[in-house]
Amino acid sequence: MHALKQSVIYILPLTHMFACAGAPSVKKAPQWVTEPAAAYSDSHYLTAVGYASSRSAAEAEAVSALTKSVSQKVRAHSVSVQSMESNAAGVERSFSSSVDTVSSVDEIAGLKIREVWTAGDGTVYALALVNREEVGSYYEQKMKDAENGINALIAFAADNPASFEAVNALRSAAEKAGENDKSAAVLSVVNPLKYKRLSFAYKNTQTVQALLMHEIENIHVAVRVKNDKDGRLESAFSEAVKKAGFKTVPGNSAHDADAPYILNVVLNLEPLETPAGTENKYVRYTVKAELSDSRTGKIILPWSTGGREAHFTQGEAEQRALRTIEADVKKRFAGEFSACCRTEAF
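Presented here is an overview of the structure given in this document. Worth saying up front: this structure is predicted, and the values here are computed from it rather than measured.

1. Quick word on the sheet that holds strand S2 (residues 112-118)
Phase 1: The three strands are arranged S1-S3-S2 in an open sheet whose pairing can be described as antiparallel. Unpaired on one side and paired on the other, strand S1 (45-52) and S2 mark the two borders of the sheet. Adjacent strand axes in the sheet meet at a mean angle of 20°, parallel and antiparallel pairs treated alike.
Phase 2: In this sheet, strand S3 (residues 124-131) lies alongside S2 in antiparallel orientation, the contact comprising six bridges.

This is the structure:
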């Protein structure tokens, strides 16, 4: 079944009611079926009518019709706002940098089925309704509450600069700001007057995202590896850190002392006694790594790996050990580092 559009609503009930002119058993449709905007003023309500052979299906159609209608209006309004931003200097606020992020409205808080009517032929009609003032006030308060949380996260980040905790706080703030965008998008259609009065201290999602990117730029991890051959492990650990989105500085470099985080790594390779009856040469390897906060000395992430490798020559056995370590760093350490830095505080 398709939701009944207003132009169709006016025709179909008349068809149902007057197909047999003068039939005394035919019920007259209430005004909201044929003219919902006349029965429920558009200045106070958003409405949509759905019809089906059963009440539950008719109500579902009405809800779907109203949700789709709001979604379409949201998309049109978001396009309009973005156009205004690109053509008028000084216009800062928008509820999204991408129309697609807010144009799909899955549900609307406060949407209700207000009326149900059954025609003489058994067709059931339902009216879905949104009270502009009530629902607008709900979204307005919801966004104010979210703003308080966002501002608190931004303040926390400012008090803990160049830290994983600050990054996580700003990530959370950006997500909450994105949710506020969606609420603002709905509010722009439900209650345009309340929407125009919106003013957030954090300005908009793009501003929060800019703060996040700036915070990430301020974080450097000094990678120090002892007993590293040809800098291979330093390169492997550095790549793992960069994969998580952070910058690295080489150990003992000019910026090493200024890095807020230090990754100390110790590599040990030692030959093992060759078992009798074999020509292979064996090497035992161990790697111990500790990521710490240079300001507090707190160890954030301890990590280790170890094992043995064999080959016909001692040198090639060591090369195989290094390749095994590199693979472990790339997969296991990178995953643990990323998880640690994203969940340290939030």
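Continuing now.
2. Observations concerning the pattern of salt bridges
Phase 1: All told, the structure shown has 16 salt bridges when counted by the stated rule.
Phase 2: Residue Glu309 pairs with Arg320 through a salt bridge whose shortest N-O separation is 3.9 Å. In this pair, Glu309 is assigned in strand S8 (residues 299-311) and Arg320 in helix H11 (residues 314-343), connecting sequence segments 11 residues apart.
Phase 3: Glu309 sits in the buried class, given a relative accessible area of 16%.
Phase 4: Arg320 gets classed as partly exposed once you look at its relative accessible area, which sits at 34%.
Phase 5: Through salt bridges with shared partners, a single ionic network connects Glu133, Glu140, Lys194 and Arg197.

3. Let's talk about the packing of helix H6 (residues 132-159) against helix H7 (residues 164-190)
Phase 1: Look at H6 against H7: their axes get within 9 Å of each other, and the N-to-C directions meet at 165°. The angle between the axes of H6 and H7 places the two elements in the roughly antiparallel class. The interaxial crossing formed by H6 with H7 has left-handed handedness.
Phase 2: Per-class residue counts for the contact of H6 with H7 are 19 nonpolar, four polar and five charged.

4. Quick word on the sheet that holds strand S5 (residues 247-250)
Phase 1: Strand order in the open sheet formed by five strands is S5-S4-S6-S7-S8, with mixed pairing between adjacent strands. In this open sheet, the two strands that pair with only one neighbour each are S5 and S8. For this sheet, the mean inter-axis angle between neighbouring strands, taken without regard to orientation, is 20°.
Phase 2: Bridge count between strand S4 (residues 220-226) and S5: four bridges; the pairing is parallel. Bridge assignment links Val221 to a residue of S5, and that residue is Thr248.
Phase 3: Relative to S4, helix H10 (residues 232-243) is tilted by about 155°, and along the sheet it contacts S4, S5, strand S6 (261-272), strand S7 (281-293) and S8.

Cut-offs and rules
Residues numbered from 1 in each chain as written. Predicted model: local features only at pLDDT ≥ 70, side-chain atom pairs only at ≥ 80, totals over all residues. Heavy atoms only, no water. Pairing = 2+ DSSP bridges. Helix = DSSP H or I, 4+ residues; strand = E, 2+ residues; numbered from the N terminus. Axes fitted to C-alpha atoms, helices over the stretch in contact; angles between N-to-C directions. Salt bridge = Lys/Arg side-chain N within 4 Å of Asp/Glu carboxyl O. Buried < 20%, exposed > 50% of the residue type's maximum accessible area, 1.4 Å probe, protein only. Parallel < 35°, antiparallel > 145°, perpendicular 65-115°, else oblique. Left-handed = near helix turned anticlockwise from the far one by under 90°. Nonpolar A, V, L, I, M, F, W, Y, C, P; charged D, E, K, R; others polar. Contact = heavy atoms within 4.5 Å.

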